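Spelled out, the chains give:
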Amino acid sequence: MLKVDSINVAYGDLQVLWDVSFEVREGEIVVLVGANGAGKSTTLKTISSLLKPMSGTIEFEGQRLDKLPPNKIIEQGVVHIPEGRRLFPDMTVEENLIMGSLYGEAKKKRYQTMEYAYELFPRLKERRKQLAGTLSGGEQQMLAVGRGVMSLPRLMMFDEPSLGLSPLLVQDIFSLVKKVNQEGVTVLLVEQNVNQTLSMCHRAYVLENGRITLSGTGDELMANQHVKEAYLGI
Amino acid sequence: MDVFIQTIVSGILIGGIYSMIGIGMTLIMGVMGIINLAHGQLMMVAMYITFVMAHFFHVDPYLSLLVAMPALFLLGAFIQKTLLNPLIKVESILPENQVLMTVGIGMVLTEIARFIFSSDYKTVKTSYSSSAIFIGKISFNVPMCIAFGFALFFTALLFWFLLKTDLGRSIRATAQDSEAATLMGINSSRITVITFGIGSALVAAAGVLLMPIFYLFPDIGGAFTLKAFVITILGGLGSTVGAIVGGIVLGVAESLGATYIGMGYKEMVGFVIFVLVLIFLPGGLKRLTKI
Ligand SMILES: Nc1ncnc2c1ncn2[C@@H]1O[C@H](COP(=O)(O)OP(=O)(O)OP(=O)(O)O)[C@@H](O)[C@H]1O
Ligand SMILES: [Mg+2]
């Protein structure tokens, strides 16, 4: 479904991704794990076309995403839930949800999808007139996911959704990711929370210093000696 | 007491128009992060359009709104698209240089006006230009009241647009987080073009509405750019509600200054406020109103 093929990405003169290749198949949850600064966010930003690769290609269902301007990606059915939520702080919860459904089919089904988003997150419904900037961290993450859901995506990319949440909320967010996946949305998840994500994913890739160094099923990676030492602290 | 009330009334009426000028600038500030220092000069262009329509085609100034607003929307959109947006793409050019570009645009507009119309004062006199309604001893200048009414109308329309339409929401979203807006499918350079157009159309409306009351000459733009700047700072950069309040405050302050200090000091009052705000309320009224 999504095919990233040997992309090299740089900020100015500073190259941060080297020959990164991986693939996400329809219906999967694929995790990209890596330490701070490994290039995880950079990878997602490149898929979203916010950054252009110097070389390499990105294909989604046969369509070249790297050839599209960044504002056209969401219409292809790919939504990126960025690191740090990036909500519109001076807009209400409801308006933030609306912003996820500006075009095409998503716009037509806006209020229908909104009901679904409120079913996923009853908390958001209670607070629908509240400004996003005044929500708690957990509620903001729910809203960020809800805003993504509003675009009727086929592929959802999450950039560290567990960041800054209490362990209990982290559980909630991950079970939500699973739920979204069970309803037919393919998931690409970027995380540092290696232990939990490896046990819930279909396949995973390890990104180190801008290179993919390992890949396999969640179980395979959990059993890998290097992963154990470097990420699981065993 | 009557003098005082009269002063306040006049201040509020002119303040309504100042608000509309300030909102235009503040919208542009919010989305692009730059102060548009050609704002008053765009208003001047709208005033000359009104003058030409009235003088040569005998069109009532208020009808000129229908011409001047769309014309300035297009002019503003054109400026953003062809002169300002290309600067963003060049990495070595700092965003501040867009501001310098607007200064240049303002100068060019002024000199073009001088070339075509000379520096002579122009006026558009109408039958109602100096008519007034009296309530008790307080006079309400008719064109000022009409202008105030239009200003209320356009401001309400703008708020409806920003709050209730997808395009309006996209403008706010871009102002709040442009990258997140892009991820939601918003074409931010198109939004900047539309926003500059709307800001220009609003200041055009203000120019048309001032035409029956003011003298027109090519350099009038500069004074209004400064007023818009003061209002934008006073309101808190990027705050539309702040700009409305800021406009009224400036109008009333100028009016008080003219009555109690002297006509010649009217303009100075604005700068005194400007400096006081920077010292005592950096961030402007937005700090108090939060929007
Ligand atoms: N805008 C930028 N300009 C220059 N360098 C950048 C920029 N953004 C990121 N980098 C650099 O690129 C490298 C990868 O950053 P990236 O944000 O992709 O890491 P990450 O894996 O998401 O890390 P984290 O887990 O901390 O979010 C880092 O060395 C970072 O300093
Ligand atoms: Mg990151």
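Residues numbered from 1 in each chain as written. Chains lettered and ligands numbered in written order. Predicted model: local features only at pLDDT ≥ 70, side-chain atom pairs only at ≥ 80, totals over all residues. Heavy atoms only, no water.

What chain B contains, in helices and strands, is twelve helices and two strands. Each helix and strand of chain B, ordered N terminal to C terminal, gives the series α-α-α-α-β-β-α-α-α-α-α-α-α-α. For chain B, the C-alpha atoms occupy an extent of roughly 60 × 45 × 35 Å along the three principal directions. Counting every position in chain B, which comprises 291 residues, the buried fraction comes to 54%. By sequence separation, contacts in chain B at least 24 residues apart represent 77% of the contacts at least 6 residues apart. Here chain B has roughly 12,700 Å² of accessible surface; of this, 73% comes from carbon and sulfur atoms. Between the averaged position of the 15 positive side-chain charges in chain B and that of its 12 negative side-chain charges there is a distance of 6 Å. (Helix = DSSP H or I, 4+ residues; strand = E, 2+ residues; numbered from the N terminus. Buried < 20%, exposed > 50% of the residue type's maximum accessible area, 1.4 Å probe, protein only. Contact = heavy atoms within 4.5 Å. Areas by Shrake-Rupley, 256 points an atom, 1.4 Å probe, with all protein chains shown as cover. Lys, Arg positive; Asp, Glu negative; His and termini not counted. Charge placed at Lys NZ, Arg CZ, Asp CG, Glu CD.)

As for its placement among the helices and strands, glutamine 80 of chain B is situated in helix 3 (residues 65-89). The contact partners of glutamine 80 of chain B, leaving out residues within four places of it in the chain, are Met32, Asn85, Pro86, Thr192, Val193 and Phe196 of chain B.

Here the focus is the pattern of salt bridges. Throughout the structure, instances matching the rule amount to 22 salt bridges over all chains. In this structure, the salt-bridge partner of lysine 125 of chain A is glutamate 115 of chain A, at a minimum N-O distance of 3.5 Å. Residue lysine 125 of chain A is found in helix 5 (residues 122-126), and its partner glutamate 115 of chain A is found in helix 4 (residues 110-120); the two are separated by ten residues along the sequence. For glutamate 254 of chain B, the salt bridge identified is with lysine 227 of chain B, shortest N-O distance 2.9 Å. Taken as a pair, glutamate 254 of chain B in helix 10 (residues 240-260) and lysine 227 of chain B in helix 9 (residues 220-235) lie far apart in primary sequence, 27 residues in all. Here the salt bridges share partners, and the residues they tie into one network are Lys107 and Arg110 of chain A together with Asp166 and Arg169 of chain B. (Salt bridge = Lys/Arg side-chain N within 4 Å of Asp/Glu carboxyl O.)

With that out of the way, let us pick up the coordination of the magnesium ion (ligand 2). With distances of 1.9 to 2.0 Å, the protein atoms coordinating the magnesium ion (ligand 2) are Ser41 of chain A (OG) and Glu83 of chain A (OE). With serine 41 of chain A in helix 1 (residues 40-47) and glutamate 83 of chain A in the loop between strand 6 (78-81) and helix 2 (93-99), this pair connects stretches of sequence that are 42 residues apart. (Donors = N, O, S within 2.8 Å, 3.2 Å for Na, K, Ca; no water.)

With that settled, consider the site of ligand 1. All names here are of chain A. In the neighbourhood of ligand 1, 13 residues make up the surrounding shell, with Asn36, Lys40, Ser41, Thr42 and Glu160 lying closest. Between an oxygen atom of ligand 1 and a side-chain N or O atom of serine 41, the distance comes to 2.7 Å. A per-class count over the shell around ligand 1 returns four nonpolar, six polar and three charged. (Near = heavy atom within 4 Å. Polar contact = N/O pair within 3.5 Å; in protein donor to acceptor, adjacent residues only side chain to side chain. Nonpolar A, V, L, I, M, F, W, Y, C, P; charged D, E, K, R; others polar.)

What follows concerns the interface of chain A and chain B. Listed by partner, the interface residues are 24 residues for chain A and 17 residues for chain B. Summed over both sides, the interface between chain A and chain B buries roughly 2,000 Å², with carbon and sulfur atoms accounting for 58% of that surface. Interface area lost by chain A to chain B is led by Asn71, Arg86 and Phe88 of chain A, which between them contribute 26%. At the junction of chain A and chain B, the tally comes to five salt bridges. For aspartate 177 of chain B, the salt bridge is made with arginine 86 of chain A, and the minimal N-O distance between the two is 2.7 Å. (Buried area = accessible area lost by both parts, 1.4 Å probe.)

On to the sheet that holds strand 2 (residues 14-24) of chain A. All names here are of chain A. Strand order in the open sheet made by the four strands is 2-1-4-5, with antiparallel pairing throughout. Two strands bound the open sheet, and with one partner strand each, they are strand 2 and strand 5 (63-64). One ladder, built from seven bridges, connects strand 1 (residues 2-11) with strand 2; its direction is antiparallel. Looking at the pairing, alanine 10 lines up with glutamine 15 of strand 2. (Pairing = 2+ DSSP bridges.)

Turning to the side chain of threonine 186 of chain A, a few remarks are in order. Residues and elements named next belong to chain A. By secondary structure assignment, the location of threonine 186 is in strand 8 (residues 186-191). Owing to a relative accessible area of 0%, threonine 186 belongs among the buried residues under this scheme. Here glycine 27 takes part through its backbone nitrogen, which lies 2.9 Å from a polar atom of the side chain of threonine 186. In contact with threonine 186, not counting residues within four places along its chain, are Met1, Val24, Arg25, Glu26, Gly27, Glu28, Arg154, Leu155, Met156 and Asn181.

Here we come to the packing of helix 3 of chain B against helix 8 (residues 188-210) of chain B. Residues and elements named next belong to chain B. It is at 7 Å that the axes of helix 3 and helix 8 come closest, and there the two elements cross at 140°. Where helix 3 crosses over helix 8, the handedness of that crossing is right-handed. Along the lines of polarity and charge, the residues of the contact of helix 3 with helix 8 split into 17 nonpolar, seven polar and one charged. (Axes fitted to C-alpha atoms, helices over the stretch in contact; angles between N-to-C directions. Left-handed = near helix turned anticlockwise from the far one by under 90°.)

A few words on helix 10 (residues 225-232) of chain A. All names here are of chain A. Where helix 10 is concerned, the buried positions are Val227, Tyr231 and Leu232. One side of helix 10 carries all its buried residues, which in axial view fall inside an arc of 75°. Against the buried residues of helix 10 lie helix 8 (194-200), strand 9 (203-208), strand 10 (211-217) and helix 9 (218-223). Its side-chain oxygen placed 2.7 Å from the backbone nitrogen of histidine 226, asparagine 224 serves as the N-cap of helix 10. Just downstream of helix 10 lies glycine 233, where phi reads positive at about 65°. (Arc of directions from axis to C-beta.)

All names here are of chain B. Between the first and last C-alpha of helix 2 (residues 39-57) there are 27 Å, a value that for 19 residues agrees with the 27 Å anticipated at 1.5 Å per step. Counting buried positions along helix 2 gives 14 out of 19 residues, so the element sits mostly inside the fold. Among the residues trailing helix 2, histidine 58 stands out with phi positive, at a value near 55°. (Expected span 1.5 Å × (residues − 1).)

To continue, consider empty space enclosed by the protein. Counted by the stated rule, this structure contains one cavity of 30 Å³ or more. Reported here for the largest cavity is a volume of approximately 30 Å³. Lining of the largest cavity is provided by Ser48, Pro70, Ile73, Ile74, Val78, Val79 and His80 of chain A together with Leu183 of chain B. Ranked by residue count, the leading element in the lining of the largest cavity is strand 6 of chain A, at three residues. For the lining of the largest cavity, the residue count by class is six nonpolar, two polar and no charged. (1 Å grid on protein atoms, 1.4 Å probe; cavity = no way out; pocket = protein on both sides within 12 Å on 5 of 7 lines; lining within 4 Å. Points joined across faces, edges and corners; volume = space filled by probe spheres on them.)

Let us now look at the confidence of the model for chain B. Residues and elements named next belong to chain B. Model confidence for chain B is summarised by a mean pLDDT of 90, while 96% of its residues fall at 70 or above. Mean pLDDT across the elements of chain B ranges from a minimum in helix 12 (residues 286-289), with 60, to a maximum in helix 7 (residues 178-183), with 96. Both scores are given for the predicted complex: the pTM is 0.92, the ipTM 0.94. (pLDDT = per-residue confidence, 0-100.)

In summary, soluble globular proteins display a tendency toward joint burial of nonpolar side chains. Of all hydrophobic cores here, the largest spans 137 residues; its most connected members are Met156 of chain A together with Ile21 of chain B. It is helix 1 (residues 2-32) of chain B that contributes the most residues to this core, 14 residues altogether. Leaving out residues up to four positions away in the same chain, methionine 156 of chain A has contacts with Val79, Ile81, Val145, Gly148, Val149, Val180, Val185, Thr186, Val187 and Leu188 of chain A. Counting residues in each nonpolar core, the second largest holds 28 residues, with Phe22, Met157, Tyr205 and Leu207 of chain A among its members. (Core = buried A, V, L, I, M, F, W, Y, C linked by side-chain atoms within 4.5 Å.)

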